[in-house]
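Each chain, letter by letter, is given below.
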Protein chains: 2
Amino acid sequence: MKLTEAKQQFISSWGAFGTQWGINRTMAQIHALLLVSPHPLTQDDMMEQLSISRGNVNMNIRDLVSWNLVERVIVSGERKEYFTAEKDIWKVATQIIRERKKRELDPMLKLLSQLEQVDGDKKDKETKQFVDMIGDLKKLGNQADKLLDMLVKAEQNWFTGSLLKIFK
Amino acid sequence: MKLTEAKQQFISSWGAFGTQWGINRTMAQIHALLLVSPHPLTQDDMMEQLSISRGNVNMNIRDLVSWNLVERVIVSGERKEYFTAEKDIWKVATQIIRERKKRELDPMLKLLSQLEQVDGDKKDKETKQFVDMIGDLKKLGNQADKLLDMLVKAEQNWFTGSLLKIFK
DNA sequence: CTGAATTTTCAATATTTTATGAAAATAAAT
DNA sequence: ATTTATTTTCATAAAATATTGAAAATTCAG
């Protein structure tokens, strides 16, 4: 496979994987494009390379910036804005974890805490079953929260070295 | 909050969280409904409680069964089929991990291995950058794979006890 | 077998999500 | 200040996804 073809393939597949995870296809593709681009790109570059509209690029690039996966870079002497993606994959992963934790896990734990406050006799079988279920979910959510925090704080290497040895 | 209201809330929010993760809202809601139902339910029960059509219930329940999160149960003396959800939340979580690994992570690793085979001189800077990136992604994917395997094999308790202590 | 109950399928429809493109806003150059 | 380049917004259009409901298929009881 030629390099250009491989990049194309990567971009397109990355988009497809993204949708499985509730991520807009174009957003994932733009991210992939920036990952495989040696130099920062302008919005026009992205429009052209992905055959998408200006508005589409603009909205999705803003989203990526808000996720801290992409940043604007200023190229001296150029009027247009350029964009570049963090290339360190471990950093990318931990940043995604950070954001999803904040946007999804935290709200879910908050909801579960509220639901635990259901009134009614905890001796009542049905109430108890419900409260227990919510409690178990919360416990799981908190464990996930801690595990993810550890990952985010760890070095990628440490992960490979220590973590994987301990278990197994 | 009353129990019925809390269950309602749980079902509806579970559906909303599901969509963020690329899971059909109704599928998530059916799962939630079964999680909070003390007894197995028929398709008619679900139609009524969620106000959705027969076809919708049927397709989504089949999906849930294929994910091994829900199973058909036979109630003696009854002609209709009943469905029940695994209530052990840790089992639910590991089963979801198992399935997503199989359906998403495995194919992604396969793709990355293919892309690594891009032809062209590895001394060429652009080729090298691309191959390195793919390699890094693959490494990350493999680490995730191993970590998830460990989780799936572990006892929930072991997780809380050992894992979280080791890190800190 | 026959017929009633139940489940499954799937074309048509509705809903939700995403993308477009032109107009408005902003920023820079002259 | 005016013109030109660039970015942003957002109403509308298009595409993707989910839902309905009725017909077909299946299952089971008698």
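Cut-offs used in this document
- Residues numbered from 1 in each chain as written.
- Chains lettered and ligands numbered in written order.
- Predicted model: local features only at pLDDT ≥ 70, side-chain atom pairs only at ≥ 80, totals over all residues.
- Heavy atoms only, no water.
- Helix = DSSP H or I, 4+ residues; strand = E, 2+ residues; numbered from the N terminus.
- Rg over C-alpha atoms; globule rule 2.2 N^0.38 Å.
- Buried < 20%, exposed > 50% of the residue type's maximum accessible area, 1.4 Å probe, protein only.
- Contact = heavy atoms within 4.5 Å.
- Areas by Shrake-Rupley, 256 points an atom, 1.4 Å probe, with all protein chains shown as cover.
- Least-squares fit on C-alpha atoms with pLDDT ≥ 70 in both.
- Domains from an automatic or database assignment.
- Buried area = accessible area lost by both parts, 1.4 Å probe.
- Axes fitted to C-alpha atoms, helices over the stretch in contact; angles between N-to-C directions.
- Parallel < 35°, antiparallel > 145°, perpendicular 65-115°, else oblique.
- Near = heavy atom within 4 Å.
- Polar contact = N/O pair within 3.5 Å; in protein donor to acceptor, adjacent residues only side chain to side chain.
- Nonpolar A, V, L, I, M, F, W, Y, C, P; charged D, E, K, R; others polar.
- Salt bridge = Lys/Arg side-chain N within 4 Å of Asp/Glu carboxyl O.
- Pairing = 2+ DSSP bridges.

## Points about the overall build of chain A
The secondary structure content of chain A amounts to 7 helices and 2 strands. Ordering the α and β elements of chain A from the N terminus gives α-α-α-α-β-β-α-α-α. Taking 15 Å as the expected radius of gyration for a compact globule of 168 residues, we find that chain A reaches 21 Å, considerably beyond that expectation. For the C-alpha atoms alone, the extent of chain A along its principal axes is close to 70 × 40 × 35 Å. The proportion of buried residues among the 168 residues of chain A is 46%. Long-range contacts, defined here as pairs at least 24 residues apart, represent 52% of the contacts in chain A between residues at least 6 apart. Of the accessible surface of chain A, which amounts to about 9100 Å², a share of 51% is contributed by carbon and sulfur atoms.

## Observations concerning the relation of the copies chain B and chain A
Least-squares fitting of chain B to chain A yields an RMSD of 0.0 Å, with the superposition described by an axial translation of 0.0 Å and a rotation of 180°. In short, the pair behaves as if placed about a two-fold rotation axis. Across chain B, the smallest distance between a C-alpha and the rotation axis is recorded for G22 of chain B, namely 2.1 Å. In this assembly the copies share their binding face: 100% of the residues contributing to the interface of chain B also contribute to that of chain A.

## As for the domain arrangement of chain A
Residue and element names in this part refer to chain A. As assigned here, chain A comprises domain 1 (3-85) and domain 2 (89-166). Look at where the C-alpha atoms of domain 1 and domain 2 centre, and you get two points 31 Å apart. Facing 7 residues of domain 1, the contacting portion of domain 2 comprises 6 residues. When the area that domain 1 buries against domain 2 is broken down by residue, the three leading residues are W21, W67 and L69, summing to 64%.

## Quick word on the packing of helix α6 (residues 125-153) of chain A against helix α5 (residues 89-116) of chain B
The packing of two helices is summarised by the inter-axis angle and the distance between the axes. Between α6 of chain A and α5 of chain B, whose axes approach to 9 Å, the crossing angle comes to 50°. Judged by the inter-axis angle, α6 of chain A sits oblique to α5 of chain B. Touching M133, D136, L137, L140 and Q143 of chain A of α6 of chain A are I89, W90 and A93 of chain B, all from α5 of chain B.

## A short note on the protein's contact with DNA strand D
Taken together, the neighbourhood of DNA strand D is formed by 18 residues, with N58 and E81 of chain A together with T26, S53 and R79 of chain B sitting nearest. Take R62 of chain A: an N or O atom from its side chain is 3.3 Å from a phosphate oxygen of DNA strand D. When residues of the surface near DNA strand D are traced back to their parent elements, those giving at least two are α4 (54-66) of chain A together with α4 (54-66) of chain B. Among the elements that make up the surface near DNA strand D, the one with the highest residue count is α4 of chain A (5 residues). Its residues assigned to classes, the surface near DNA strand D shows 2 nonpolar, 9 polar and 7 charged.

## Regarding the pattern of salt bridges
All names here are of chain A. Using the criterion set out here, one finds 22 salt bridges over all chains in the structure. The salt bridge partner of R100 is E104, with a shortest N-O separation of 3.1 Å. Of this pair, R100 and E104 both sit in helix α5 (residues 89-116), 4 residues apart, which is roughly one turn of the helix. With respect to burial, R100 and E104 carry one shared label: buried.

## Points about the protein's contact with DNA strand C
Neighbouring DNA strand C are 18 residues; T26 and S53 of chain A together with N58, R79 and E81 of chain B lie closest to it. Sugar plus phosphate: this is where 67% of the atoms of DNA strand C within 4 Å of the protein reside. Note that a phosphate oxygen of DNA strand C is positioned 3.2 Å from one of the side-chain N or O atoms of N24 of chain A. T26 of chain A places a side-chain nitrogen or oxygen 2.3 Å from a phosphate oxygen of DNA strand C. Tallying contributions element by element places α4 of chain B first for the surface near DNA strand C, with 5 residues. Residues belonging to the surface near DNA strand C are distributed by class as follows: 2 nonpolar, 9 polar and 7 charged.

## Remarks on the pairing of strand β2 (residues 82-85) of chain A
One face of the sheet, then the other: side chains in a regular strand alternate in exactly this way. All names here are of chain A. Burial along β2 is two-sided: Y82 and T84 facing one way and F83 and A85 facing the other are all buried. As defined by bridge partners, strand β1 (residues 70-73) adjoins β2 across 4 bridges and the pair is classed as antiparallel. The residue of β2 that forms the bridge with V73 is Y82.

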